[in-house]
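Fold and geometry: a report
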Amino acid sequence: MTISSLFSLDEQVALVTGASRGIGKGIAVGLAGAGANLALVARSESTLIETQQEIQAIGVQAKIFPCDLSQTEVISDLVEAVSAAYGRIDILVNNAGTTHRDSAVDFPEERWDDVVRVNLKSVWLLSQQVGRGMIQRGGGKIINIASLLSFSGGIRTAAYAASKGGIAQLTKALANEWAPKGVNVNAIAPGYIKTDMTSAILNDPVRVAEFMDRIPAGQFGTPDDMAGAAVFLASEAASYIHGHILTVDGGWMAR
Ligand code: NAP
């Protein structure tokens, strides 16, 4: 096998959640560039069209599957629809995420439930249902999007930190069970990346200065910075990597 074929995703089918913008879009376009056909998931069709067109221009397939992942009972329909359209799912990127900021004493229960449902429970259910097919076929790659708050607690974001801590442990738990079946389960922990989710922070000059102080690379990341790590973990090159949480953070964790 040549080095370029080791990283090729030709003929692979990748399902990416939260592919309408931000990190999910960057990863979906990156996987397409490596040859994968894409199943794109977000809440509404209209938000996914731009990603679809960008991927089709690369010359691979991109199909849209609208799904609200906070409604966890519809996840089996999603997996069935993607499997029916493409025949199988080789790569699952659990990227969709949401957050809510509030002090812990005031944190509303319904916001807690929403964050945990989207960020953690849907990841568990999608991994379980897509993982069954991967185990049957003896191979597949699952990539969860963790966070720096998989390692530390953050402030005013208890549900998000709890969900991302859960993602790190779920990644390891699934890896332990599924590595012997040929399924690789790993995670990417992005640092501070310029997206809608971080716009409040990135528009606050005081916080920007604080963060810059801690990022050895001297700049915030972009969604495109996540693509290489995702292609790597989705490829044969990562076949002996299991349960790893790969920080892509400009050096934040090294500080
Ligand atoms: P973003 O720009 O806000 O994008 C979030 C994505 O998730 C959108 O595509 C959104 O789609 C989708 N989504 C949200 N709720 C959904 C739901 N109920 N059902 C289906 N899709 C839903 O955020 P981002 O920064 O790219 O974040 C992507 C992932 O990276 C998240 O898991 C986040 O926690 C993680 N992360 C981000 C950073 C960062 O610095 N940005 C750092 C660490 C980790 P629609 O709104 O179109 O439905």
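Residues numbered from 1 in each chain as written. Predicted model: local features only at pLDDT ≥ 70, side-chain atom pairs only at ≥ 80, totals over all residues. Heavy atoms only, no water.

Some points on the overall build of the chain
Helix and strand content of the chain: nine helices and seven strands. Taken along the three principal axes of its C-alpha coordinates, the chain extends 50 × 40 × 40 Å. Relative to its 255 residues, the chain shows a buried fraction of 51%. Taking the average place of the 20 positive charges on the side chains of the chain and the average place of its 25 negative ones, the gap between the two points comes to 4 Å. (Helix = DSSP H or I, 4+ residues; strand = E, 2+ residues; numbered from the N terminus. Buried < 20%, exposed > 50% of the residue type's maximum accessible area, 1.4 Å probe, protein only. Lys, Arg positive; Asp, Glu negative; His and termini not counted. Charge placed at Lys NZ, Arg CZ, Asp CG, Glu CD.)

Remarks on the side chain of Asp-114
Note that Asp-114 resides in helix 5 (residues 109-137). Owing to a relative accessible area of 18%, Asp-114 belongs among the buried residues under this scheme.

A word on the nonpolar core
Leu-31, Leu-38, Ile-55 and Ile-188 are the most contacted members of the largest nonpolar core, which totals 34 residues. Breaking this core down by element, the ones donating at least two residues are strand 1 (13-17), helix 2 (22-33), strand 2 (37-41), helix 3 (45-58), strand 3 (62-64), strand 4 (91-94), strand 5 (140-145) and helix 9 (227-234). In terms of residue count, the dominant contributor to this core is helix 2 (six residues). Those residues in contact with Ile-55, other than ones at most four positions away along the chain, are Ala-28, Val-29, Ala-32, Leu-38, Leu-40, Val-60, Gln-61 and Ala-62. One finds Ala-39, Cys-67, Val-79 and Leu-126 within the second-largest nonpolar core, a separate group that totals 33 residues. (Core = buried A, V, L, I, M, F, W, Y, C linked by side-chain atoms within 4.5 Å. Contact = heavy atoms within 4.5 Å.)

Some words on the pattern of salt bridges
Two side chains bearing opposite charge may form a pair once their charged atoms approach each other closely. Evaluated as defined, the whole model comprises five salt bridges. A salt bridge links Lys-25 to Glu-54, with the nearest nitrogen and oxygen atoms 3.3 Å apart. With Lys-25 in helix 2 and Glu-54 in helix 3, the pair connects residues that are 29 residues apart, well separated along the chain. Accessibility expressed as a relative area gives 36% for Glu-54, which makes it partly exposed. Ionic pairing is found between Asp-90 and Arg-88, a salt bridge with its closest N-O pair at 2.9 Å. (Salt bridge = Lys/Arg side-chain N within 4 Å of Asp/Glu carboxyl O.)

Considerations on the pairing of strand 5
The element strand 5 is largely enclosed, with a buried count of six among its six residues. Burial along strand 5 is two-sided: the residues Gly-140, Ile-142 and Asn-144 and Lys-141, Ile-143 and Ile-145 are all buried. Sheet topology note: the strand 4/strand 5 ladder contains four bridges and is parallel. Of the residues in strand 5, the one forming a bridge with Leu-92 is Ile-142. For the handedness criterion, the β-α-β arrangement of strand 4, helix 5 and strand 5 is classed as right-handed. Bridge count for strand 5 against strand 6 (residues 183-190) is six bridges, and the pairing is parallel. Within the sheet, the bridge partner assigned to Ile-142 lies in strand 6 and is Val-185. Traced from strand 5 through helix 6 (residues 158-178) to strand 6, the parallel crossover comes out right-handed. (Pairing = 2+ DSSP bridges. Right-handed = clockwise from strand over helix to strand, strands pointing away.)

A few points about the packing of helix 2 against helix 3
Running from N to C, helix 2 and helix 3 point in directions that differ by 15°, and their axes come no closer than 9 Å. The angle between the axes of helix 2 and helix 3 places the two elements in the roughly parallel class. When you trace helix 2 past helix 3, the crossing you get is right-handed. Across from Lys-25, Ala-28, Val-29, Ala-32 and Gly-33 in helix 2, the residues of helix 3 making contact are Glu-50, Thr-51, Glu-54, Ile-55 and Ile-58. Here the residues of the contact of helix 2 with helix 3 are counted per class, giving five nonpolar, two polar and three charged. (Axes fitted to C-alpha atoms, helices over the stretch in contact; angles between N-to-C directions. Parallel < 35°, antiparallel > 145°, perpendicular 65-115°, else oblique. Left-handed = near helix turned anticlockwise from the far one by under 90°. Nonpolar A, V, L, I, M, F, W, Y, C, P; charged D, E, K, R; others polar.)

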